[in-house]
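Close look at the chain arrangement
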Amino acid sequence: MYIHVFFLTFAQILKHIDMNNATKLFSGLVLTASLIACGGNPQKETKETSDQAEKAPKKEEVMESKEFNIIPNESKVMWSGSVIGVYTHEGTVEITEGNLELAGDKITGGQFTADVSSMQATDENYNPEEGKSKEKLIEHLSSDDFFAVNEFPSASFTIKSHDVENNSITGDLTIRGVTHEEVVEDVKVNLEERTASGKLTIDRKAYDVAFSHPAKDVVIKDDVNLEVMLKM
């Protein structure tokens, strides 16, 4: 029915135009009718193609890992430990060597070694008149009661994985020859300043860092807080 009406209308139009123009008009109408019959819609197809391209999963850019050496005299571990309900001692340990593998600003691997014998105290919670000084504290921490520095002069950390979503790194920490898996939180990398940092809390007793006499050890908090500051 639609085709019949179409050609009747077309015949009426031909009465008012010459043959040359009629031929052009007829060709244009036939082309238009063909497109309509076939469902052709260039604009719609272009939009659908564009929409499909936007919905298609984008390939993640894979960045090449680069290795950076850690600068020893500009890198350190800051530590803090507490006598329960009394005071907190703080200090530093120097890092002697290590490297970090980075893909962009994401840490993909690496390791570092700390010189436990370089341990220093930086807080002011001491009373030299009572024989409680920074020197006495370091001497005691270096003894077999705690870090046994003569036998185990170094500690190390080896990176195993980086959880980008939770901004943390998992790795193996070795102290006094004992190794446990630990998680470093609040990981930060600054490529402009070439620094990396992170924080972790360890149970000192898990590494045999404890008084052999329970009555003396009980007053010391088990948790030791560490903050790693690395310069590349």
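Everything below is about the structure shown above.
Quick summary incoming for the structure in this document. (Residues numbered from 1 in each chain as written. Predicted model: local features only at pLDDT ≥ 70, side-chain atom pairs only at ≥ 80, totals over all residues. Heavy atoms only, no water.)

1. A look at unusual backbone geometry
Rules: Per-residue accessibility, obtained with a 1.4 Å probe over protein chains only, is compared with the maximum for each type, and a residue is labelled buried under 20%, exposed over 50%, and partly exposed between these values.
Positive phi is not limited to glycine here, since Asp186 has a value of about 50 degrees. Although it is not a glycine, Asp208 adopts a positive phi angle of roughly 65 degrees. The class for Asp208 is partly exposed, based on a relative accessible area of 46%.

2. Comments concerning the pattern of salt bridges
We apply this condition: Definition used for salt bridges: Asp or Glu carboxyl oxygen within 4 Å of a side-chain nitrogen of Lys or Arg. Helical segments are the DSSP runs of H or I of at least four residues, strand segments are the runs of E of at least two, and each set is numbered from the N terminus.
In total, this model carries 7 salt bridges according to the counting rule given. Here Lys160 ties to Asp172 by a salt bridge, and the two come within 3.6 Å at their closest N and O atoms. In this pair, Lys160 is assigned in strand E5 (residues 154-163) and Asp172 in strand E6 (residues 168-175), connecting sequence segments 12 residues apart. With relative accessibility at 46%, the residue Lys160 sits in the partly exposed group. Classification of Asp172 by relative accessible area gives partly exposed; the value is 26%. It is possible to trace a salt-bridge network through shared partners that takes in Lys160, Asp172 and Glu181.

3. Comments concerning the pairing of strand E3 (residues 87-103)
Note the cut-off: Strand pairing requires that DSSP identify at least two bridges connecting the strands.
Alignment of strand E1 (residues 66-69) against E3, held across 4 bridges, turns out to be antiparallel. When the bridges of E3 are listed, Phe68 appears paired with Leu100. By the bridge criterion, 8 bridges tie strand E2 (residues 76-83) to E3 in an arrangement that is antiparallel. Residue pairing across strands places Gly81 opposite His89, the latter belonging to E3. In sequence, E2 turns back onto E3 through a hairpin of 3 residues, with Gly85 there showing a positive phi of about 70 degrees. Note: E3 against strand E4 (residues 106-121), 11 bridges, orientation antiparallel. Bridging across to E4, Leu100 finds its partner in Gly110.

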